[in-house]
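Structural overview for review
Okay, here's what each chain looks like letter by letter:
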Amino acid sequence: MALKIETFSNAKGGNSFFKALGHPLSAPLAAALLDKLRDKGSVAVYDPLGMAESFCEFYALAELDIRAVFVQRLEDIGKTLLGMRVQPVTGLPQSDARVLLVTAFDASRLVDHIRHLLPAGMTVMSLDDMRLPDTMLTNRRRYLDPLNFATNFGFLRDAAGQHTRIVTCDYWSGLGAAKPPTVWLRLFDSNGGVLAEWQEEIPAPGASLIVDSREVRRRFNLGEFTGSLFMHVLGVARHDVVKYALDTFGDDDTVLSCTHDANAWPSDLFAGLPAPRDNERVVMWIQNSHPVPIPAGAVGLNLMGSDDIRYVDQMIPAFACYALDVAALFPEARWPQQLEVQAGRHFVRPRYEVHVTNGRSRIAHVNVERNDLVVDPGIPAMTTYMGKGYILPAPILPTALWRSVVQPTPMSTAQRDLPIAAIVYDASGVETARHDFGCLQRNESVELDINALLKEQGANLPSGSGHVELVYDFSHGGSADGWLHSLFRYTHNSSGHIAESSFGAHVFNTVLTYKNEPQSYASAPPGLSTRLFLRLGDVPLDTMCHLIYPASTPWHAHSDTTLSLFNGLGEEIAQQKIAIPCSGSLHWRYSEMFDADHRRQAGQGAYIIIRDVTCRLFGYHGTLHGEQAFCLDHMFGF
């Protein structure tokens, strides 16, 4: 059963109340609050903002001696809460309860409104008793300000010769933070037990923030571990989303992969989990994101388009990290089939690992499957004004070295079909091939080998690399909702190493707007500029980047892009200018873009900011260990 909590709304954004309830430091404070209420005896509940139901999902309020539940909204009168019909708060004077619990934060004003209704001798308590310390708050005057809860979960492992590294930078100083933020961290083991807790001071504006599992293990004298890292960034400005790159690497040079942040809001559904090939094992990591266990039978999997849901038959403790082998529930599933995740808002976007028998492994993530969308009849008509409209761009890595594969993935409950086509562009911006998928049904899982497509159509990429765009194509009918997604898989020809990434479509580079497109990170649409973060691999790794300039309608002929190299303290070392053709791309490496002297000055922990005020670019980044291994994932911006 899904938790009755609000986590994220595409209309309102992220919800802070569930974060305030579920913060690792809040749970013992909530327990202490319940103990105080229990000691008082009989309790009345006043729920003016509709928060009591979510509170009860995490904490056993119903076990107290509840005498009555009162509300403020006439629309709520007659509903059932805590096993009783709610009453208007004007009935409070008749209550015989000894204490009133106001299920809200910043409750003083709410209490003032009803103070004249309190029976003589009634004590008032509120959720303010479980507030985090003021030193952890950006805005002390409004507790549920999203900036007070800039949190996220990371996957951290240091075991069996495998290590992980979380990398980001202080982007909040550039958004107006008064000083570089501090990061509060707590590491949980696979059973939800606390392994370590500490704070990291970001040393300078724009400095790198790196959490390396090897260093954590040394610092706290830990044994091998696999678990969740809870991160809370304190003192942020404008942006409450904690974004990062996650690298996995090992003592063996062939162990190398990457993904990125978990997306901080637990969802009802996720999708795009690939089934294994015959020689593969797919493991999805469920990171319980709440201070309560996930009951047995609460989460499960089904093949996309099928109603046969098979559930995990064991309880997962609070903040635990559980490895779900796809074959344990679906031993018959095989690539290119894909699975849907019934998550019930119990955990953030999960990562999965693909382990090849007697071979290599890779990590990637599934995506949030939306259940709030409906078919949008306006999308087919967009072409009159917006050309290609929604575009999902992805690299075609140099064809002499890599094979590139596309797998469309349904990503909303409204998507009963996917009417799409794939357009292949050379890096110069010239279209060289096209594939018509037709109108795929929800239960159809197909793969498109781009290298084979080029060969079949007698086409090539004169530049050696390029990109593919998935677009809507209604020539065979079908419908759309704008939430088009796909998995992209890349195989290195000589080593056999594989990497994969997935993302969703947007409208790119047109001044006209449609709903919230072209998307902007910082303001209202249209978003027509670029600011991307490129983390750099430390020696002996090189870094590659694949920048794409997609355009729904013709835009500027070339980008005007600046690559700014920063050292680990956020100091700019060097700049390079590049120009990418419209509908083109650029595949480049750090070792070739910046000379040895600048790379030496930048040192370990360096990064690059990719900036363009004339157009919006989309990017993918990865690291390479010579010809032994590589990784690839899409980039993030802010």
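Above this text is the structure in question.
Residues numbered from 1 in each chain as written. Predicted model: local features only at pLDDT ≥ 70, side-chain atom pairs only at ≥ 80, totals over all residues. Heavy atoms only, no water.

Across its full length, the protein chain carries 10 helices and 45 strands. Considered along the principal axes of its C-alpha atoms, the protein chain spans approximately 85 × 55 × 50 Å. When the accessible surface of the protein chain is totalled, it reaches about 24,100 Å², and 50% of it is carbon and sulfur. A gap of 4 Å separates the mean positions of the 53 positive and 69 negative side-chain charges of the protein chain. (Helix = DSSP H or I, 4+ residues; strand = E, 2+ residues; numbered from the N terminus. Areas by Shrake-Rupley, 256 points an atom, 1.4 Å probe, with all protein chains shown as cover. Lys, Arg positive; Asp, Glu negative; His and termini not counted. Charge placed at Lys NZ, Arg CZ, Asp CG, Glu CD.)

Right, let's get into the nonpolar core. Counting residues in each nonpolar core, the largest one holds 52 residues, and the members touching the most others are Leu156, Ile166, Leu187, Trp198, Val211, Leu229 and Phe533. Of all the secondary-structure elements, those providing two or more residues to this core are β10 (150-158), β11 (162-169), β12 (182-188), β13 (194-201), β14 (208-212), β15 (225-234), β19 (280-287) and β41 (607-612). Apart from residues no more than four positions distant in its own chain, Leu156 is found in contact with Thr164, Ile166, Leu187, Val211, Ser213, Val216, Phe225, Thr226, Gly227 and Leu229. By size, the runner-up hydrophobic cluster in this structure holds 48 residues, among which are Trp402, Val406, Ala433 and Phe437. (Core = buried A, V, L, I, M, F, W, Y, C linked by side-chain atoms within 4.5 Å. Buried < 20%, exposed > 50% of the residue type's maximum accessible area, 1.4 Å probe, protein only. Contact = heavy atoms within 4.5 Å.)

A few words on the sheet that holds strand β36 (residues 530-535). Note on sheets: strands pair through backbone hydrogen bonds, and any given pair is parallel or antiparallel. Taken in spatial order, the five strands line up as β39-β38-β41-β36-β45 in an open sheet, and their pairing is antiparallel. Lying at the two open borders of the sheet, with one neighbouring strand each, are β39 (572-578) and β45 (636-637). The pairing of strand β38 (residues 561-566) with β41 spans five bridges and is classified as antiparallel. Bridge pairing links Thr562 to Arg611 in β41. (Pairing = 2+ DSSP bridges.)

Strand order in the open sheet formed by five strands is β30-β29-β32-β27-β35, and the pairing between neighbours is antiparallel. Lying at the two open borders of the sheet, with one neighbouring strand each, are β30 (431-441) and β35 (506-507). Here seven bridges tie strand β29 (residues 417-426) to strand β32 (residues 466-472), and the two strands are oriented antiparallel to one another. Within the sheet, the bridge partner assigned to Ala422 lies in β32 and is Leu470.

Another aspect to go through is the packing of aromatic side chains. In the structure shown here, the tally under the stated rule is 26 aromatic pairs. Pairing Phe17 with Phe105 gives two aromatic rings, centres 6.1 Å apart and planes at 70°, and the pair type is edge-to-face. Taken together, the positions of Phe17 in helix α1 (residues 17-22) and Phe105 in the loop between β8 (99-102) and α4 (108-114) put the pair 88 residues apart, joining distant regions of the chain. On the basis of relative accessible area, Phe17 is assigned to the buried category, the value being 7%. Here Phe105 falls in the buried class, since its relative accessible area comes to 5%. Measuring from centroid to centroid gives 6.3 Å for Phe636 and Phe638, while their planes differ by 50°, and the two rings are tilted. Given the relative accessible area of 6%, Phe636 is considered buried. A relative accessible area of 12% places Phe638 in the buried class. Linked through ring pairs, Tyr171, Trp172, Phe533, Phe566, Tyr607, Phe636 and Phe638 together constitute an aromatic cluster. (Phe/Tyr/Trp six-rings, centres within 6.5 Å; stacked < 30°, edge-to-face > 60°.)

A rise of 1.5 Å per residue sets the reference length of helix α2 (residues 26-40), with its 15 residues, at 21 Å; its end C-alpha atoms lie 21 Å apart and thus fit the reference within 8%. For α2, the full list of buried residues reads Ser26, Ala30, Leu33, Leu34 and Leu37. All buried residues of α2 project into a common sector of 95° when viewed along the axis, lining one side. Turning to α2, the residues buried within the fold contact α1, β3 (42-46), α3 (52-58), β8 and β9 (123-126). (Expected span 1.5 Å × (residues − 1). Arc of directions from axis to C-beta.)

Let's shift gears to the pattern of salt bridges. Tallied over the full model, the rule gives 38 salt bridges. For Glu353, the salt bridge identified is with Arg157, shortest N-O distance 2.7 Å. Separated by 196 residues along the polypeptide, Glu353 in strand β24 (residues 351-356) and Arg157 in strand β10 bring together distant segments of the chain. For Arg157, a relative accessible area of 7% corresponds to the buried category. Via salt bridges that share partners, Arg73, Glu75, Asp76 and Lys79 belong to a single interconnected network. (Salt bridge = Lys/Arg side-chain N within 4 Å of Asp/Glu carboxyl O.)

This part takes up the side chain of His290. Here His290 is to be found in the loop between β19 and β20 (300-303). Filtering out sequence-adjacent residues up to four positions away, His290 remains in contact with Leu3, Ile5, Phe18, Phe58, Pro266, Ala318, Phe319, Arg345 and His346.

Here the focus is unusual backbone geometry. Pro518 follows Glu517 through a cis peptide bond whose omega is -5°. Within the secondary structure layout, Pro518 lies in the loop between β35 and β36. In this structure, the amide linkage connecting Pro525 to the following residue, Pro526, adopts the cis form with an omega of 10°. Relative to the helices and strands, Pro526 resides in the loop between β35 and β36. Phi at Phe319 takes a positive value of approximately 60°, unusual for a residue other than glycine. Structurally, Phe319 can be placed in the loop between β21 (310-311) and β22 (321-325).

Here we take up the pairing of strand β28 (residues 402-409). Within β28, seven of the eight residues are buried, which leaves the element mostly enclosed by the surrounding structure. Across two bridges, the pairing between β28 and strand β31 (residues 448-449) is antiparallel. When the sheet's bridge partners are listed, Val406 is paired in β31 with Leu448.

What follows is about the pairing of β12. Put simply, side chains in a regular strand alternate between the two faces of the sheet. Most of β12 sits out of view: seven of its seven residues are buried. Along β12, one buried face is formed by Thr182, Trp184, Arg186 and Phe188 and the opposite face, lined by Val183, Leu185 and Leu187, is buried too. Alignment of β12 against β15, held across six bridges, turns out to be antiparallel. In the strand pairing of β15, Leu187 is matched with Leu229. Where β12 meets β13, seven bridges bridge the pair, whose relative direction is antiparallel. Across the sheet, residue Trp184 finds its bridge partner in β13, namely Gln199. The loop that links β12 with its antiparallel partner β13 comprises five residues; one of these, Gly192, has a positive phi angle of about 90°.

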